[in-house]
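Fold and contact review
If you want the building blocks of each chain, they are given just below.
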Amino acid sequence: MKRHPPLLLIAIVVIYLLLEIALLVTQPELAKAVRLSIAGVLGFFMLRGNSVAIFIWAALSVLTAMYGIAWFFRTIDTNPQTALVSGLFAALALVQALYLVLSRSVRAHIASA
């Protein structure tokens, strides 16, 4: 019997898609629409238990965390508030990547697909 995706995996996909929709609505650009559609397709396959899609999302989360950490150190002297926000987002992206790679519930979801 096929298992349902873990709630945290659903939350990751839904929150990111809502963020992309909000960005697209507030400042419409073609690049944001493309990013939203790619994230939607990737999220669909993640929720179906595709290990490649989950790995791609985790790898992109690690890259996002690296970029956020670099931005943190770049702006810490000039704008500490921006640095803290980017550092927080970097930490959240890293935790998300670790969850996707190390979580037993995600592995069980992949195995049931």
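Residue positions are given per chain, counted from 1 along the sequence in the order it is written. In keeping with the predicted nature of the model, local features appear solely for residues at pLDDT of at least 70, side-chain atom pairs appear and are counted solely at 80 or more, and the whole-chain, interface and lining totals rest on all residues. Think of the side-chain values as coming from all heavy atoms in the structure, minus any hydrogens and water.

1. Section: a nonpolar patch on the surface
Residues enter patches when their relative accessible area tops 30% and they take part in no salt bridge; the joining distance is 9 Å for like charges and 5 Å for the nonpolar side chains Val, Leu, Ile, Met, Phe, Trp and Tyr. Method for areas: the Shrake-Rupley scheme with a 1.4 Å probe, in which residue coverage is limited to the protein chains shown. Here, a salt bridge means any Lys or Arg side-chain nitrogen found within 4 Å of an Asp or Glu carboxyl oxygen. Taken together, Val52, Phe55, Ile56, Leu60, Val62, Leu63, Met66, Leu94, Leu98, Val101 and Leu102 make up a surface patch of nonpolar side chains, about 1,000 Å² in accessible area. Counting residues per element, the ones that place at least two in the nonpolar patch are helix H3 (51–75) and helix H4 (80–102). Secondary structure elements follow DSSP: runs of H or I of four or more residues count as helices, runs of E of two or more count as strands, with numbering from the N terminus. No other element matches the 7 residues that H3 contributes to the nonpolar patch. Classification of Leu102 by relative accessible area gives exposed; the value is 55%. Exposure categories follow from relative accessible area, calculated using a 1.4 Å probe and restricted to protein chains: below 20% of the type maximum is buried, above 50% is exposed, and the middle band is partly exposed.

2. Notes on the packing of H4 against helix H5 (residues 104–112)
Closest axis-to-axis distance for the H4/H5 pair is 6 Å, and the angle between their directions is 50°. In this view, H4 runs oblique relative to H5, as classed from their interaxial angle. Contact with H4, carried on its side by Tyr99, Leu100, Val101 and Leu102, involves Arg104, Ser105, Val106 and Arg107 of H5 and no other residues of that element. Interaxial angle, 0 to 180 degrees, is taken between N-to-C directions of lines fitted to C-alpha atoms, where a helix line uses only the stretch in contact. The cut-offs work like this: below 35 degrees is roughly parallel, past 145 is roughly antiparallel, 65 to 115 is roughly perpendicular, and the gaps in between are oblique. We call two residues contacting when some pair of their heavy atoms lies within 4.5 Å.

3. Thoughts on the nonpolar core
Core analysis: the largest hydrophobic core is formed by 15 residues, its most contacted members being Ile12, Leu17, Met46, Ile54, Trp57, Tyr99 and Leu100. Within the residue set of this core, elements represented by two or more residues are helix H1 (7–26), helix H2 (30–47), H3 and H4. Sequence-distant contacts of Ile12, defined by excluding residues within four places in its chain, comprise Trp57, Gln96, Tyr99 and Leu100. Residue types Ala, Val, Leu, Ile, Met, Phe, Trp, Tyr and Cys, when buried and joined through side-chain atoms within 4.5 Å, form a set referred to as a nonpolar core.

Everything listed here is a matter of coordinates, which is why it stays silent on function.
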